[in-house]
Amino acid sequence: MRILFLGDVMGRSGRTAIAARLAALRAQWQVDFAVVNGENATGGAGLSADHARALLAAGADAVTLGDHAFDQKDMLAFCESEPRILRPLNYARGAPGRGARVFDVSGGRRILVAQVLGQVFMKRPFDDPFAAVDGVMKAAPLGGAVQAVLIDMHCEATSEKMAMGHWCDGRASVVVGTHTHVPTADATILPGGTAYQTDAGMCGDYLSIIGMDKAEPMRRFVTGMSKGRFEPARGAATLCGLVVETDDATGRAVSVAPVREGGTLQATRP
Ligand SMILES: [Fe+2]
Ligand SMILES: [Fe+2]
């Protein structure tokens, strides 16, 4: 199975690039299943129902969220009615929607997709992500109920993401990090067969400060004083993520390649 994962879509810049290019990239890279993180697609804060529909229409088979899952209030209801939206598995117990789901893929194959939030340096202490992931992987094991498993590990600390990669090694096809908005150069296949990258990077304008227009965050760093709101940067987006090919019999990764396409980052293609 060829799986494409794209990191946090940032504002209009990210949405425009997804709408313009995702369908063509899917065809070009022969993608069977595409997962897109949409937690910052609406003005940099959350994902509205309209923008979620647009990401799905552009070619995302599943859309994951993150700590900004419910910044847009209509997502509280929309994620209940749209099963292709996944919020973090270990969000508040009463949160609407779901954090994991088994999706059908062509050829009668199935993939488990789940998202969890880390605990280190995050604004709120969420439940144990390791136990949460363990539970869903046991319910839909590789080589049993599903041919592939993808875990989106949404957190700040590189150490916690690496721990999750090793925790899932041999039980997930892909563990990929999101949330920091900067791609890491460590795409690899772990010894047990899990494709891993600490952070996918964002789909947004990289001439920015993690996707935001430079002016206001720069002011706050340099002077300690805020003057206005953070606004997403508006330049051309680089789509960032990875393409993983898996063996349908075992669910293990056969190859992993980081992808960076368009915008200002140097291009890398599978
Ligand atoms: Fe986040
Ligand atoms: Fe994000």
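Right above here is the structure, for reference.
Residues numbered from 1 in each chain as written. Chains lettered and ligands numbered in written order. Predicted model: local features only at pLDDT ≥ 70, side-chain atom pairs only at ≥ 80, totals over all residues. Heavy atoms only, no water.

Asker: Whenever I open this one, the pairing of strand E7 (residues 148-154) confuses me. Can you help?
Answerer: Every regular strand shows the same layout, with side chains that alternate between the two sheet faces. With 7 of 7 residues buried, E7 lies mostly within the body of the structure. Residues Ala 148, Leu 150, Asp 152 and His 154 of E7 are buried on one face, and the alternating residues Val 149, Ile 151 and Met 153, pointing to the opposite face, are buried as well. Handedness of the crossover joining E7 and strand E8 (residues 174-178) through helix H5 (residues 158-168) is recorded here as right-handed. (Buried < 20%, exposed > 50% of the residue type's maximum accessible area, 1.4 Å probe, protein only. Helix = DSSP H or I, 4+ residues; strand = E, 2+ residues; numbered from the N terminus. Right-handed = clockwise from strand over helix to strand, strands pointing away.)

Asker: Explain the layout of surface pockets to me, please; I cannot follow it from the model alone.
Answerer: Estimates place the volume of the largest pocket at around 840 Å³. Of the residues contributing to the lining of the largest pocket, the split by class is 15 nonpolar, 7 polar and 9 charged. Reported here for the second largest pocket is a volume of approximately 180 Å³. Residue lining of the second largest pocket: Gly 11, Arg 12, Ser 13, Arg 15, Thr 42, Gly 43, His 51, Glu 231, Pro 232, Ala 233 and Arg 234, and that is the complete set. Among the elements that make up the lining of the second largest pocket, the one with the highest residue count is helix H1 (residues 11-28) (4 residues). A breakdown of the residues in the lining of the second largest pocket according to their chemical character gives 2 nonpolar, 5 polar and 4 charged. (1 Å grid on protein atoms, 1.4 Å probe; cavity = no way out; pocket = protein on both sides within 12 Å on 5 of 7 lines; lining within 4 Å. Points joined across faces, edges and corners; volume = space filled by probe spheres on them. Nonpolar A, V, L, I, M, F, W, Y, C, P; charged D, E, K, R; others polar.)

Asker: So what exactly am I meant to see when it comes to helix H4 (residues 129-139) here?
Answerer: Helical geometry note: an α-helix holds 3.6 residues per turn, so side chains three or four residues apart project in the same direction. Among all positions of H4, only Pro 129, Ala 132, Val 133, Asp 134, Val 136 and Met 137 are buried. Taken together, the buried residues of H4 touch strand E5 (100-105), strand E6 (109-117), E7 and H5. For H4, the N-terminal capping position is held by Asp 128, with its side-chain oxygen 2.8 Å away from the main-chain nitrogen of Phe 130. (Contact = heavy atoms within 4.5 Å. Polar contact = N/O pair within 3.5 Å; in protein donor to acceptor, adjacent residues only side chain to side chain.)

Asker: What is the right way to read the coordination of the iron ion (ligand 2) from this model?
Answerer: Around the iron ion (ligand 2), the protein contributes the donor atoms Asp 8 (OD), Glu 39 (OE), Asn 40 (OD1) and His 181 (NE2), at 2.1 to 2.2 Å from the metal centre. Angles of 84 to 170 degrees at the metal separate the 4 donor atoms of the iron ion (ligand 2), which places the site in the irregular class. Sequence spacing of the donors to the iron ion (ligand 2): D-x30-E-N-x140-H. The iron ion (ligand 1) is placed at 3.5 Å from the iron ion (ligand 2), the two being bridged by Glu 39. Of this pair, Asp 8 sits in the loop between strand E1 (2-6) and H1 while His 181 is found in the loop between E8 and strand E9 (188-189), placing the two residues 173 residues apart along the sequence. (Donors = N, O, S within 2.8 Å, 3.2 Å for Na, K, Ca; no water. Tetrahedral: all angles 85-135°; square planar, octahedral: opposite > 155°, others 65-115°.)

Asker: Please clarify how the sheet that holds strand E10 (residues 195-197) should be interpreted in this entry.
Answerer: Strands belonging to one sheet form pairs held by backbone hydrogen bonds; the direction of such a pair is parallel or antiparallel. Strand order across the open sheet formed by 6 strands is E5-E6-E7-E8-E10-E9, with mixed pairing between neighbours. Looking at the sheet topology across the chains shown, the edges are occupied by E5 and E9. Against the sheet, H5 makes contact with E6, E7, E8 and E10, and its axis sits at roughly 165 degrees relative to E8, the strand it touches most. (Pairing = 2+ DSSP bridges. Axes fitted to C-alpha atoms, helices over the stretch in contact; angles between N-to-C directions.)

Asker: How should I be thinking about the coordination of the iron ion (ligand 1) in this particular structure?
Answerer: When a metal holds four donors in a tetrahedron, each ideal angle between them is 109.5 degrees; when it holds six in an octahedron, the ideal angles are 90 or 180 degrees. Looking at the iron ion (ligand 1), one finds its protein donor set to be Glu 39 (OE), Asp 67 (OD), His 154 (NE2) and His 179 (ND1), positioned 2.1 Å from the metal centre. In this structure, the iron ion (ligand 1) is surrounded by 4 donor atoms whose angles at the metal cover 85 to 140 degrees, and the resulting shape is irregular. The class for Asp 67 is partly exposed, based on a relative accessible area of 23%.

Asker: Would you mind showing me how to read a nonpolar patch on the surface here?
Answerer: On the surface, Met 218, Phe 221 and Val 222 cluster together into a nonpolar patch covering about 360 Å² of accessible area. Overall, the relative accessible area of 42% leaves Met 218 in the partly exposed class. (Patch = residues over 30% accessible without salt bridge, like charges linked within 9 Å, V, L, I, M, F, W, Y side chains within 5 Å. Areas by Shrake-Rupley, 256 points an atom, 1.4 Å probe, with all protein chains shown as cover. Salt bridge = Lys/Arg side-chain N within 4 Å of Asp/Glu carboxyl O.)

Asker: I tried to follow the sheet that holds strand E3 (residues 62-64) on my own but got confused; where do I start?
Answerer: The strand order E4-E3-E2-E1-E11-E12 describes an open sheet built from 6 strands, whose pairing is mixed. In this open sheet, the two edge strands, each paired with only one partner strand, are strand E4 (85-86) and strand E12 (253-261). Bridging between E1 and strand E2 (residues 33-37) involves 4 bridges; their strand directions are parallel. Its bridge partner being in E2, Leu 6 is matched across the sheet by Val 36.

Asker: When you look at unusual backbone geometry in this model, what are you seeing that I'm missing?
Answerer: Negative phi is the rule for most residues except glycine; trans is the rule for most peptide bonds. Its identity is not glycine, yet Gln 30 carries a phi of approximately 50 degrees, on the positive side. Structurally, Gln 30 can be placed in the loop between H1 and E2. Assessed through its relative accessible area of 57%, Gln 30 is described here as exposed.

Asker: What is the right way to look at the packing of H1 against helix H2 (residues 49-58) in this model?
Answerer: Contact geometry for H1 and H2: axes closest at 8 Å, N-to-C directions at 20 degrees. On the basis of the axis angle, H1 is roughly parallel to H2. Judged by the twist between their axes, the crossing of H1 over H2 is left-handed. Residues Arg 15, Ile 18, Ala 19, Leu 22 and Ala 23 of H1 touch H2, and the partners they reach there are His 51, Leu 55 and Ala 58. Looking at the contact of H1 with H2, its residues break down into 6 nonpolar, 1 polar and 1 charged. (Parallel < 35°, antiparallel > 145°, perpendicular 65-115°, else oblique. Left-handed = near helix turned anticlockwise from the far one by under 90°.)

Asker: What should I look at first to understand the environment of His 179 in this one?
Answerer: Take His 179: it is sitting in the loop between E8 and E9. For His 179, a relative accessible area of 12% corresponds to the buried category. Remark: the alpha-carbon pair of His 179 and Asn 40, spanning 139 residues in sequence, is separated by 9.4 Å. Dropping the residues within four chain positions of it, His 179 is found in contact with Asp 8, Glu 39, Asp 67, Met 122, His 154, Cys 155, Glu 156 and Asp 199. At 3.1 Å, the side chain of His 179 forms a polar contact with the side chain of His 154.

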